Amino acid sequence: MKSGGKMSMTMNGEMGEEMKQKFRAFPYKPYSIQIDFMNALYDSLDKGGIAMLESPTGTGKTLSIICSALQWLVDRKQSLSDDGLVDTHSNGTDGTNGKNGDCVGLDEEPDWLRNSFGSKEVESPKKKVKVKKRLGFSSKKREETEIEESFRDLFSQLREIEVGLEHSNRTVRGDRESFNDDKEFLVEEYDSGDEKNGLCKRKGGGVCCGSSSSDDEDKEFSDTEEETDFKIYFCSRTHSQLSQFVKELRKTDFGNELKVACLGSRKNFCINEEVMKLGNSTLINERCLDLQKNKKSQVSKKNKNSGVDGRKRQTKASSGCPMLSKRKLQKQFKTEMTGKGPLDIEDLVRLGGNLGTCPYYGSRSMVSAADLVVLPYQSLLSKSSRESLGLSLKNSVVIIDEAHNLADSLISMYDSKITLSQLELVNSSLEGYFQRFQNLLGPGNRRHIQTLMVLTRAFIQTLCNTDDANFVNSSGSECSLCINEFVFSLNIDNINLVKLLLYIKDSNMIHKVSGYGDKIISLQNDTTSVLSAFRALAGILLSLTNHDSDGRIIISRKKPTESGQQGGYLKYVMLTGEKIFHEIVNEAHAVVLAGGTLQPIEETRVRLFPWLAQDRLHFFSCGHIISSDNILPISVSTGPTGQPFDFSYSCRSTSAMVGELGLLLCNLVTVIPQGIIVFFSSFDYEEHVYDAWKASGVLGRITKKKRVFREPRKNTEVEIVLKEYKESIDANNGAVILAVVGGKISEGINFSDGLGRCIVMVGLPYPSPSDIELMERVKHIDRIGDPKKISNVTCFNGDAQAGFEVLRSCKHRGKEYYENLCMKAVNQSIGRAIRHINDYAAILLVDTRYTSDASKKNISHPTNKLPHWIKNRLVSKTSSYGEVHRLLHQFFKFHKSKLV
């Protein structure tokens with residue numbers, strides 16, 4: 001990555017006049033803080049490197065990002081065009097390695113690449129995708145590059161396994177093939193003699209290396225397109241946030257000037273009704289890829305008999321997904337998509353439905369020529385997803401929005417998990433397969449399949465043996481271990497997992513065994529997916545090849561319950577994101593983390609880019625656009641009867657505390673107009689409070705003034721509830737909605753104007769100390785930079801008291817991380833109300849822990865972690881609830897008078 005000049009901390013929008021740019025595409029007259037934000041972003045992109053830009057929710061952050069970043073892109077392209085250096089991927093003459101310059105020279109290319117293609121320079125300054133595909137982006141000459149690619153990076157190759165496995169499923173229908181016709185399921189002979197080189201030899205002759213799904217998919221669906229020299233990748237957490245981004249983009253001139261590609265998941269894009277009925281994302285992915293596999297295998301069989309070459313096999317297929325049966329429609333989709341300007345996922349799905357062609361692959365076909373790619377977190381941050389989609393970050397700009405929990409989101413993508421039921425399914429499939437074909441299998445296949453059986457049995461025994469003192473003790477059903485402890489305890493430390501994973505990928509055994517297993521299951525009318533179970537096993541095995549200190553193994557022996565609690569499982573929890581994030585930073589020209597509540601930034605820096613000194617991190621933060629009169633934050637320490645509010649874990653469920661909270665809300669609905677959102681720490685606690693209010697009659701008193709709604713546990717039902725909530729407010733009846741911190745309402749829903757005149761935050765929503773994965777992260781973060789503590793890692797059994805002991809033993813970073821999780825959740829929730837410059841709302845922080853004498857406040861006090869625009873206006877202490885009621889009455893009376 002280009003390092004640029006020295007990066008300094010820029011606070012509170014202090015930008016010099018000489019740095020200000022003209023942002024012609026901004027559709028309105030920008031506020032001063034928007035100009036400051038756009039200048040800060042533009043300057044960060046010029047310098048390159050890592051930047052963190054914070055702008056409060058409701059300040060037009062999305063529009064500012066669009067107008068600044070795309071203006072920079074246009075200016076950059078124009079500058080390079082004027083200099084005759086449009087192609088930034090061309091070979092440099094100064095020997096730069098891509099980290100300190102914009103050009104990448106041949107010296108950065110591996111030896112095999114130079115040997116294979118020579119040092120011939122690309123003649124045209126505008127390289128075609130064909131050329132890039134020769135360099136590893138899916139090529140018609142894939143046979144020439146497969147072997148070399150396996151040498152490039154073993155870790156990268158292993159990451160592709162999970163993606164490669166997706167293509168390996170083969171559905172066997174009992175009405176088409178007889179049970180005795182099992183010849184197709186026999187694994188081809190496997191010679192492991194060259195495994196040390198990462199190669200395998202199959203019976204058919206020639207050397208092969210397992211291909212990922214991206215190879216096959218790109219070969220099938222890619223067209224020759226000009227690859228743009230620069231790209232901007234914008235990613236956010238949810239599809240609704242991406243749709244909002246596209247809507248803001250349409251307001252600017254850039255919507256018609258630049259090419260935009262919007263990517264998403266198969267679940268959101270699929271228009272094949274038979275596949276959509278599956279509902280589950282994993283099953284939809286498998287079925288989609290399975291249809292492509294069936295298409296290719298059907299064609300292969302047909303052309304094998306007719307002697308037709310491989311090129312025609314792709315276009316003459318008579319099976320597969322009907323939405324991909326006509327290439328002409330795919331081209332028409334692409335043409336119409338280009339002509340309509342920026343389209344979000346809903347638009348693309350509508351277009352695909354009208355034409356009868358797949359919008360998922362249609363949108364992917366636009367990536368190569370796009371100037372701006374809009375996509376969800378997973379697609380960009382996961383290396384296997386980037387490779388599957390053919391995304392190159394080289395010299396590009398990556399903008400990550402809603403980055404307040406980026407570190408946790410990033411590492412969670414590299415977790416892996418397998419349940420006891422999945423292990424039992426894999427084991428039975430392997431045993432059945434081995435019993436059926438053991439006399440036909442070669443020695444290499446036989447040995448590796450037996451090794452897999454040994455591993456699955458060891459994992460099953462670990463989860464079923466409750467008397468094993470090596471793991472879970474009598475005080476809990478869960479425990480965590482480091483990788484080395486786990487493999488040594490199971491006596492599997494002598495198994496070469498790297499070699500085994502290469503076998504799984506290269507031998508094609510996954511689809512053979514799972515295909516045979518699915519055939520048996522289909523005859524038994526069982527819908528369980530063997531492939532999903534095999535993918536889960538491959539994920540766990542891959543995780544066990546990580547560095548010992550990178551993560552922890554969670555062993556859970558919980559029994560399944562009628563209430564929905566899952567049974568036993570093994571899970572690998574990734575703890576470090578530094579290496580993962582470095583892969584992104586090392587490729588891109590600039591990486592920008594944007595959000596409404598990014599502070600404290602030190603935690604993010606230490607966890608994701610500790611190599612970057614503080615004085616080289618470009619950080620920008622600005623205030624809010626609203627007047628100080630438009631917000632009234634109050635710390636509420638006592639209720640109407642004088643009862644102190646204490647919503648700590650030990651006190652929150654008492655009848656006195658629940659009753660006092662009910663009386664508070666009874667009073668609030670008399671003084672606050674329109675909509676009130678009340679946030680609870682969990683769904684279980686919200687349900688407990690609601691039931692208690694209903695039984696005591698408090699709920700009836702509240703509903704006499706305002707109708708009460710509740711956030712549903714299922715995200716799919718949230719829109720229906722919000723629609724009714726809005727209708728109640730529009731009818732001048734007012735409404736209260738009981739929501740949950742961390743739920744959909746707290747993260748992605750905007751309650752502007754009357755939808756949110758007051759936000760009530762009940763207590764401090766600290767995460768449960770009994771969460772074993774959370775406590776492992778706390779311990780890991782606490783020992784960052786303290787190598788002495790690394791060896792002092794004890795087994796944690798998931799008990800709440802043990803979790804409190806972990807927190808008490810933390811020196812600084814671990815405890816601060818735990819506190820920050822709480823306050824980031826608070827900040828996300830209370831920021832839902834103020835959405836524009838004329839909006840106004842009250843914010844009530846209900847708990848004695850929010851109140852304190854100014855002289856006694858310390859840096860860890862909860863209110864010190866509030867956003868500046870709220871903290872500076874906070875009424876931190878009141879004498880009684882009567883004073884709170886008076887302040888609220890004056891606040892809303894003032895704003896009512898302004899409307900007259």
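Residues numbered from 1 in each chain as written. Predicted model: local features only at pLDDT ≥ 70, side-chain atom pairs only at ≥ 80, totals over all residues. Heavy atoms only, no water.

(A) Fine view of the overall build of the protein. A count of helices and strands for the protein gives 37 helices and 20 strands. For the protein, the proportion of its 900 residues judged to be buried stands at 55%. In the protein, the share of contacts with a sequence separation of at least 24, taken over all contacts with a separation of at least 6, comes to 80%. Summing over all exposed atoms, the protein offers an accessible surface of approximately 39100 Å²; the carbon and sulfur share of this is 47%. (Helix = DSSP H or I, 4+ residues; strand = E, 2+ residues; numbered from the N terminus. Buried < 20%, exposed > 50% of the residue type's maximum accessible area, 1.4 Å probe, protein only. Contact = heavy atoms within 4.5 Å. Areas by Shrake-Rupley, 256 points an atom, 1.4 Å probe, with all protein chains shown as cover.)

(B) Representation of the side chain of Gln241. The residue Gln241 is located in helix H8 (residues 239-250) in this model. Here Ser236 takes part through its side chain, which lies 2.8 Å from a polar atom of the side chain of Gln241. Residues in contact with Gln241, not counting those within four places in the same chain, are Ser236, Glu402, Glu747 and Gly748. (Polar contact = N/O pair within 3.5 Å; in protein donor to acceptor, adjacent residues only side chain to side chain.)

(C) Quick look at the packing of helix H33 (residues 772-782) against helix H34 (residues 800-809). Contact geometry of H33 with H34 gives a least axis separation of 10 Å together with a crossing angle of 15 degrees. Comparing the axis directions of H33 and H34 gives the class roughly parallel. Both H33 and H34 take part in a crossing whose hand is left-handed. Of the residues in H34, those touching H33 at Met775, Val778, Lys779 and Asp782 are Gly803, Val806, Leu807 and Ser809. A per-class count over the contact of H33 with H34 returns four nonpolar, two polar and two charged. (Axes fitted to C-alpha atoms, helices over the stretch in contact; angles between N-to-C directions. Parallel < 35°, antiparallel > 145°, perpendicular 65-115°, else oblique. Left-handed = near helix turned anticlockwise from the far one by under 90°. Nonpolar A, V, L, I, M, F, W, Y, C, P; charged D, E, K, R; others polar.)

(D) Representation of the environment of Leu455 within the structure. Mapped onto the elements of the fold, Leu455 is located in helix H21 (residues 443-464). In this structure the C-alpha to C-alpha distance between Leu455 and Leu541, which are 86 residues apart in sequence, comes to 9.3 Å. Dropping the residues within four chain positions of it, Leu455 is found in contact with Ile492, Ile495, Leu497, Leu500 and Leu541.

(E) Region of the structure containing the nonpolar core. One finds Ile400, Phe459, Phe486, Leu541 and Phe581 to be the most contacted residues of the largest nonpolar core, which totals 114 residues. For this core, the element with the most residues is helix H25 (residues 530-543), which contributes nine residues. For Phe486, the contacting residues outside a window of four places in its chain are Phe459, Leu481, Leu544, Ile553, Ile555 and Leu570. Leu80, Leu249, Val592 and Ile625 belong to the second-largest nonpolar core, a separate cluster that totals 75 residues. (Core = buried A, V, L, I, M, F, W, Y, C linked by side-chain atoms within 4.5 Å.)

(F) Structural view of the pairing of strand E16 (residues 675-680). Where burial is concerned, most of E16 is hidden: six out of the six residues are buried. On E16, burial covers both faces: Gly675, Ile677 and Phe679 on one face and Ile676, Val678 and Phe680 on the other are all buried. Judged from the six bridges that link them, E16 and strand E18 (residues 735-740) form a sheet pairing that is parallel. Within E18, the position partnered with Ile676 by the bridge is Val736. (Pairing = 2+ DSSP bridges.)

(G) A look at the packing of helix H27 (residues 601-608) against helix H35 (residues 813-830). Direction vectors running N to C along H27 and H35 enclose 120 degrees, while the axes themselves pass 11 Å from each other. Classified by the angle between their axes, H27 and H35 sit oblique to one another. Crossing hand, H27 versus H35: left-handed. Across the interface between the two elements, Glu602, Glu603, Val606 and Arg607 from H27 touch Arg813, Tyr817, Asn820 and Lys824 from H35. Classifying every residue of the contact of H27 with H35 by side-chain character gives two nonpolar, one polar and five charged.

(H) Representation of the sheet that holds strand E5 (residues 232-236) in the model. An order of E6-E7-E5-E8-E13-E1-E14 is seen for the seven strands of this open sheet, with the pairing classed as parallel. With partners counted over all chains shown, the strands left at the sheet margins are strand E6 (260-262) and strand E14 (618-621), one partner each. Across the sheet, the mean angle separating the axes of adjacent strands is 15 degrees when strand polarity is ignored. Across four bridges, the pairing between E5 and strand E8 (residues 397-400) is parallel. In the strand pairing of E8, Tyr233 is matched with Val398. Taken strand by strand, helix H2 (residues 61-83) contacts E5, strand E7 (372-376), E8 and strand E13 (590-595), and its axis lies near 165 degrees from that of E5.

(I) Quick peek at H33. For H33, the buried fraction is high: eleven of the eleven residues fall into the buried class. Of all the positions in H33, only Ile772, Glu773, Leu774, Met775, Glu776, Arg777, Val778, Lys779, His780, Ile781 and Asp782 are classed as buried. The distance from a side-chain oxygen at the start of H33 to the backbone nitrogen of Glu773 is 3.1 Å, and the residue carrying that oxygen is Asp771.

(J) Quick peek at the environment of Leu570. In this structure, Leu570 sits in strand E12 (residues 569-574). Distance from Leu570 to Ile418, taken between C-alpha atoms, is 5.5 Å for residues 152 residues apart in sequence. In contact with Leu570, other than residues within four places in its own chain, are Ser416, Lys417, Ile418, Leu423, Phe459, Leu463, Phe486, Ile540, Ile554 and Ile555.

(K) Region of interest: the pattern of salt bridges. Per the stated rule, a full pass over the model turns up 31 salt bridges. Glu286 serves as the salt-bridge partner of Arg535, at 3.3 Å between the closest nitrogen and oxygen. Of this pair, Arg535 sits in helix H25 while Glu286 sits in helix H12 (residues 281-306), and the two are 249 residues apart along the sequence. Overall, Glu286 belongs to the buried group, its relative accessible area being 4%. Between Arg607 and Glu603 there is a salt bridge, and its shortest N-O distance comes to 3.8 Å. Linking Arg607 with Glu603, this pair stays in helix H27, spanning four residues, or about one helical turn. For the pair Arg607 and Glu603, one class covers both residues: buried. (Salt bridge = Lys/Arg side-chain N within 4 Å of Asp/Glu carboxyl O.)

(L) Molecular detail of the packing of aromatic side chains. Tallying each qualifying case throughout the model produces 18 aromatic pairs. Look at Phe680 and Tyr685: their rings are 6.0 Å apart centre to centre, the planes differ by 65 degrees, and that puts the pair in the edge-to-face class. The exposure class of Phe680 is buried, given its relative accessible area of 1%. A connected cluster of aromatic rings, assembled from ring pairs, spans Phe269, Tyr360 and Tyr361. Note that Arg757 overlies the ring of Tyr840, its terminal NZ or CZ placed 3.7 Å from the centroid. (Phe/Tyr/Trp six-rings, centres within 6.5 Å; stacked < 30°, edge-to-face > 60°. Lys NZ or Arg CZ within 6 Å of the ring centre and 35° of its normal.)

(M) Expanded view of the sheet that holds strand E17 (residues 707-710). With respect to topology, six strands assemble into an open sheet ordered E15-E20-E19-E16-E18-E17, the strand pairing being parallel. Both outer strands of the open sheet, strand E15 (631-636) and E17, are each paired with one neighbouring strand and no more. Across the sheet, the mean angle from the axis of one strand to that of its neighbour is 15 degrees, orientation sign disregarded. Of the strands in this sheet, E16, E17, E18 and strand E19 (758-762) touch helix H29 (residues 683-696), which is tilted by about 140 degrees from E18. Contacts between H35 and the sheet are confined to E16, E19 and strand E20 (841-846), with E19 contributing the most and set at about 160 degrees to the helix.

(N) Local environment of H29. Taking 1.5 Å per residue as the helical rise, H29 with its 14 residues ought to reach 20 Å, and the 20 Å between its terminal C-alpha atoms agrees with that figure. Looking at H29, one finds that the buried residues are Phe683, Tyr685, Glu686, Val689, Tyr690 and Trp693. The arc that holds every buried residue of H29, seen down its axis, measures 160 degrees, which confines them to one face. Exposed residues lying more than 90 degrees from the buried face of H29 are Asp684 and Ala695. Check the buried side of H29 and you find it contacts helix H28 (655-671), E16, helix H30 (698-703), E17, E18 and E19. (Expected span 1.5 Å × (residues − 1). Arc of directions from axis to C-beta.)

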